[in-house]
There are 2 protein chains.
Amino acid sequence: MSKPITLWGHAGGPNPWKVIIILEELNLKYDHKMLEMSDVKKEPYEKICVNGRVPAIEDPNTGITLWESAAIIEYLIETYGQDKDLTFTSGPEKFLVKQWVFFQASGQGPYYGQAGWFAHYHPEKLPSAIERYREHVKRVLGVLNKALEGKQYLVGEKCTIADLSFIAWDMMLPWMFGEAWAGLDVENKFPNYFAWNKRLLERPAVQAAVKAKAAVSKI
Amino acid sequence: MSKPITLWGHAGGPNPWKVIIILEELNLKYDHKMLEMSDVKKEPYEKICVNGRVPAIEDPNTGITLWESAAIIEYLIETYGQDKDLTFTSGPEKFLVKQWVFFQASGQGPYYGQAGWFAHYHPEKLPSAIERYREHVKRVLGVLNKALEGKQYLVGEKCTIADLSFIAWDMMLPWMFGEAWAGLDVENKFPNYFAWNKRLLERPAVQAAVKAKAAVSKI
């Protein structure tokens, strides 16, 4: 690899940071181009991503243009991560990593996103909708807590993209819950989850992403 | 392969049928065990799927237990589908298939699910929430319609799991929209999408799944 990968992202949104964590883990060169939200769902960006969402990447080393954060992560690991041991390439573990990556993409991200939406952006206050998605968040924390019983990581005995994929949305939990956050008492109610999240946050690559986000976004 | 795969599913929910379409495409033997919704989020099923959702599979031929519909589909294709040509295994197309599979799992399914929830199950009527998710559905149809301009399938010149993954949720659109469905005028407003969906529905494997679902569910 010689030329930096272009990452199309946004200061506050979680999914570009999900990719940045992997770019940092793989020690890859990249150029993070942060769009305004008002520019995401129109040309010229829609020529890069017909879905009008961030992130997307353009990799001049292979010529690929790709969107969907989890697909980008799989691309980066397969193209540049063979020596980095952040996944499994055979056995049941190969598919268990996929299982958790899809659970993050379909069962964590969208529901956490709705929790944030109804708490902060919906044009009217709908307490039963806010409650619905906060309960979903708690359900997800409960599933992770149960899956992590007696384990350090979700699959096998090592940190993989299955674990790392959850961080970017988990960073936004205090914003999502607002004043209700302290009452959730994650440390005591979901102790396996809490210890795992702390373990992941201590990784230098994750810290690099956390610091880079804090420099440009308050949420 | 000699022994049938056990598929844990549900009569009405779309995601088990998403897997059944692929089982039918690959001509695999399977035993569809349909749970009641009240049994999904508790033991003994939670021992199979800690997430308390369907589908999950148990494959006695390899010993794997796996959940998340898209992860199951990737497992089936890699394990049993090498001669069936329903994906790409190299080049940019390999990752473009993943891109659309993740878009379906994270950008179609969860939003369609919320459209159904607020239309049919939420304890109070919230018109602005119903409207929000119906607009999301239209946005997804628009993205697919634009991506399919001048094309028969989403990736390359052949039908892949990227295309087939969308059908099970698309089958539920009339239920999601109720009386508003006819007014959506999908055939004229999203003609590329409409022709593609029709093309997919004509496949014998898809028809087998459609008929099997109609025999056990009204939605």
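This is a predicted model, so every value here is computed, not measured.

Draft legend 1. Layout of unusual backbone geometry. Put simply, Val54 of chain A and Pro55 of chain A share a cis peptide bond, and its omega is 5°. Here Pro55 of chain A lies in the loop between α2 (45–48) and β3 (56–59). The phi torsion at Asp185 of chain A lies on the positive side, around 50°, for a residue other than glycine. Checked against the element boundaries, Asp185 of chain A lands in the loop between α9 (181–184) and α10 (186–189). Although it is not a glycine, Asn27 of chain B sits at a positive phi angle of roughly 60°. On the secondary structure map, Asn27 of chain B appears in the loop between α1 (14–25) and β2 (30–34).

Draft legend 2. Broad picture of the packing of helix α1 (residues 14–25) of chain A against helix α12 (residues 204–214) of chain A. All names here are of chain A. Here α1 crosses α12 at 135°, and the two axes come no closer than 8 Å. For the element pair α1 / α12, the angle class is oblique. For the element pair α1 and α12, the recorded crossing hand is right-handed. Residues Trp17, Ile20, Ile21, Glu24 and Glu25 of α1 pack against Ala205, Val206, Ala208, Ala209, Ala212 and Lys213 of α12. Here the contact of α1 with α12 is built from residues that sort into 8 nonpolar, no polar and 3 charged.

Draft legend 3. Representation of the pairing of strand β2 (residues 30–34) of chain A. Residue and element names in this part refer to chain A. Pairing geometry for strand β1 (residues 5–9) and β2, over 5 bridges, is parallel. Across the sheet, residue Trp8 finds its bridge partner in β2, namely Lys33. Taken together, β1, α1 and β2 constitute a β-α-β crossover, and its handedness is right-handed.

Draft legend 4. How the structure looks around the packing of helix α4 (residues 91–120) of chain A against helix α3 (residues 69–80) of chain B. Interhelical geometry of α4 of chain A versus α3 of chain B gives an angle of 150° and a closest axis separation of 8 Å. On the basis of their axis angle, the class for α4 of chain A and α3 of chain B is roughly antiparallel. In the packing of α4 of chain A onto α3 of chain B, the handedness of the crossing is right-handed. Contact residues: α4 of chain A offers Lys94, Phe95, Lys98, Gln99 and Phe102 of chain A, while α3 of chain B offers Ala70, Ala71, Glu74, Tyr75 and Glu78 of chain B. Tallied by class, the residues present in the contact of α4 of chain A with α3 of chain B amount to 5 nonpolar, 1 polar and 4 charged.

Draft legend 5. Spatial organisation of the UniProt feature "domain: GST C-terminal" (unreviewed entry) in chain A. With numbering matched to this structure, UniProt assigns "domain: GST C-terminal" (unreviewed entry) to residues 90–219 of chain A. The annotated region residues 90–219 of chain A carries 72% helix and 0% strand content, and the separation between its end C-alpha atoms amounts to 38 Å.

Draft legend 6. Examining the pattern of salt bridges more closely. Under the criterion given, the structure shown has 24 salt bridges over all chains. Two residues, Asp83 of chain A and Lys84 of chain A, come together in a salt bridge whose shortest N-O distance is 3.5 Å. Note on Asp83 of chain A: relative accessible area 61%, which makes it exposed. The class of Lys84 of chain A is partly exposed, set by a relative accessible area of 31%. A salt bridge links Asp85 of chain A to Lys158 of chain A; the shortest N-O distance between them is 2.6 Å. Taken together, the residues Asp85 of chain A in the loop between α3 (69–80) and α4 and Lys158 of chain A in the loop between α5 (127–147) and α6 (161–164) connect sequence positions 73 residues apart. A single network of salt bridges, built from pairs that share partners, joins Glu43, Glu46 and Lys47 of chain A together with Lys146 of chain B.

Draft legend 7. Examining the interface of chain B and chain A more closely. Between chain B and chain A, the contact holds 45 residues from the first and 45 residues from the second. Together chain B and chain A conceal approximately 4100 Å² of surface at their shared face, both sides included; 60% is due to carbon and sulfur atoms. At the boundary of chain B and chain A, one finds 8 salt bridges. Note that Glu78 of chain A is salt-bridged to Lys94 of chain B, the shortest N-O span being 2.6 Å. For the interface between chain B and chain A, the tally reads 22 residue pairs in polar contact (both at pLDDT 80 or more). Sorting elements by how many residues they give to the side of chain B that touches chain A places helix α4 (residues 91–120) of chain B first, with 17 residues. For the side of chain B that touches chain A, a count of residues per class yields 24 nonpolar, 8 polar and 13 charged.

Draft legend 8. Main features of the sheet that holds β3 of chain A. All names here are of chain A. In space, the 4 strands of this open sheet follow the order β2-β1-β3-β4, with mixed pairing throughout. Pairing within the sheet leaves two strands with one partner each, and these edge strands are β2 and β4 (64–67). The mean angle between the axes of side-by-side strands here comes to 15°, regardless of whether they run parallel or antiparallel. Inspection of the sheet shows β3 paired to β4 by 4 bridges, in the antiparallel sense. If you follow Ala56 over to β4, its bridge partner there is Trp67. Its contacts with the sheet put α3 on β1, β3 and β4, and the angle it makes with β4 is roughly 140°.

Draft legend 9. Just the relation of the copies chain B and chain A, in detail. For the pair chain B and chain A, the best superposition has an RMSD of 0.0 Å and corresponds to a rotation of 180° with a translation of 0.0 Å parallel to the axis. Viewed as a symmetry operation, the transformation between the two copies matches a two-fold axis. Relative to the rotation axis, the C-alpha of Ser106 of chain B is the closest in chain B, positioned 2.1 Å from it. Interface overlap between copies: 100% of the residues of chain B at the interface are likewise at the interface in chain A, consistent with a symmetric, same-surface contact.

Definitions and cut-offs
- Residues numbered from 1 in each chain as written.
- Chains lettered and ligands numbered in written order.
- Predicted model: local features only at pLDDT ≥ 70, side-chain atom pairs only at ≥ 80, totals over all residues.
- Heavy atoms only, no water.
- Helix = DSSP H or I, 4+ residues; strand = E, 2+ residues; numbered from the N terminus.
- Axes fitted to C-alpha atoms, helices over the stretch in contact; angles between N-to-C directions.
- Parallel < 35°, antiparallel > 145°, perpendicular 65-115°, else oblique.
- Left-handed = near helix turned anticlockwise from the far one by under 90°.
- Contact = heavy atoms within 4.5 Å.
- Nonpolar A, V, L, I, M, F, W, Y, C, P; charged D, E, K, R; others polar.
- Pairing = 2+ DSSP bridges.
- Right-handed = clockwise from strand over helix to strand, strands pointing away.
- UniProt positions renumbered as here; feature names shortened; annotations may be inferred.
- Salt bridge = Lys/Arg side-chain N within 4 Å of Asp/Glu carboxyl O.
- Buried < 20%, exposed > 50% of the residue type's maximum accessible area, 1.4 Å probe, protein only.
- Buried area = accessible area lost by both parts, 1.4 Å probe.
- Polar contact = N/O pair within 3.5 Å; in protein donor to acceptor, adjacent residues only side chain to side chain.
- Least-squares fit on C-alpha atoms with pLDDT ≥ 70 in both.

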